Amino acid sequence: MERTIQVNGEDYHFESTYDGDSQYNVQVRCGKKVVSSFKISAGSESEVFEAARAHFSADKELGNLNG
C-alpha cells in the first residue's frame, strides 16, 4: 500500500507492507531519498497510515531524522 501524506507542510511518500501479526513495515521517502523505516502495529489496513503519520511526525519533531 502506498500513500502521499503531508507532514509539517512537506509531502512524504509512505509505503507499507504487511509483516504478519498486525505488524506493518513502513518506509517513508522524500523524493527518492528514504528518510525513515519502522514497524507499526495496526488492527487493520485503514489504521496503518494514520499511525505511521503520527509515528513519523513525532520522530521529526524530536529531531530523530536526518532528512
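Conventions adopted
- Residues numbered from 1 in each chain as written.
- Predicted model: local features only at pLDDT ≥ 70, side-chain atom pairs only at ≥ 80, totals over all residues.
- Heavy atoms only, no water.
- Helix = DSSP H or I, 4+ residues; strand = E, 2+ residues; numbered from the N terminus.
- Rg over C-alpha atoms; globule rule 2.2 N^0.38 Å.
- Contact = heavy atoms within 4.5 Å.
- Areas by Shrake-Rupley, 256 points an atom, 1.4 Å probe, with all protein chains shown as cover.
- Lys, Arg positive; Asp, Glu negative; His and termini not counted.
- Charge placed at Lys NZ, Arg CZ, Asp CG, Glu CD.
- Salt bridge = Lys/Arg side-chain N within 4 Å of Asp/Glu carboxyl O.
- Buried < 20%, exposed > 50% of the residue type's maximum accessible area, 1.4 Å probe, protein only.
- Core = buried A, V, L, I, M, F, W, Y, C linked by side-chain atoms within 4.5 Å.
- Expected span 1.5 Å × (residues − 1).
- Arc of directions from axis to C-beta.

**Concerning the overall build of the protein chain**
Piece 1. A tally of helices and strands in the protein chain yields 1 helix and 4 strands.
Piece 2. Listing every helix and strand of the protein chain by position from the N terminus yields β-β-β-β-α.
Piece 3. Relative to a compact globule of 67 residues, whose C-alpha radius of gyration would be 11 Å, the protein chain shows 11 Å and is just as compact.
Piece 4. Long-range pairs, those at least 24 residues apart, make up 28% of the contacts in the protein chain between residues at least 6 apart in sequence.
Piece 5. For the protein chain, the exposed area adds up to about 4,200 Å²; of that, 41% sits on carbon and sulfur atoms.
Piece 6. The averaged location of the 11 negative side-chain charges in the protein chain is 7 Å from the averaged location of its 7 positive side-chain charges.

**Description of the pattern of salt bridges**
Piece 1. Tallied over the full model, the rule gives 4 salt bridges.
Piece 2. Arg-29 is the partner of Glu-15 in a salt bridge, and the nearest nitrogen-oxygen pair spans 3.5 Å. You can see Glu-15 sitting in strand S2 (residues 10–20) and its partner Arg-29 sitting in strand S3 (residues 23–30), a full 14 residues away along the chain.
Piece 3. Residue classification places Arg-29 among the partly exposed residues on the basis of a relative accessible area of 27%.

**A closer look at the nonpolar core**
Piece 1. In terms of nonpolar packing, the biggest core is built from 16 residues, with Tyr-12, Phe-14, Val-26, Val-28, Phe-38 and Phe-56 touching the most fellow members.
Piece 2. Breaking this core down by element, the ones donating at least two residues are strand S1 (2–7), S2, S3, strand S4 (33–41) and helix H1 (45–62).
Piece 3. Examining the composition of this core, we find that 4 residues originate from one element, H1, more than from any other.
Piece 4. Those residues in contact with Val-26 that lie beyond four places of it in its chain are Phe-14, Glu-15, Ser-16, Ser-36, Ser-37, Phe-38, Ile-40 and Ala-52.

**Section: H1**
Piece 1. In this model, H1 (18 residues) spans 26 Å end to end at C-alpha, consistent with the 26 Å of a helix rising 1.5 Å per residue.
Piece 2. For H1, the set of buried residues is Val-48, Phe-49, Ala-52, Phe-56, Ser-57 and Asp-59. Here the buried residues of H1 occupy an arc of 160° about the axis, which is enough to place them on one side. Among the exposed residues of H1, those pointing more than 90 degrees away from its buried face are Ser-46, Glu-61 and Leu-62.
Piece 3. Buried positions along H1 lie against S1, S2, S3 and S4.

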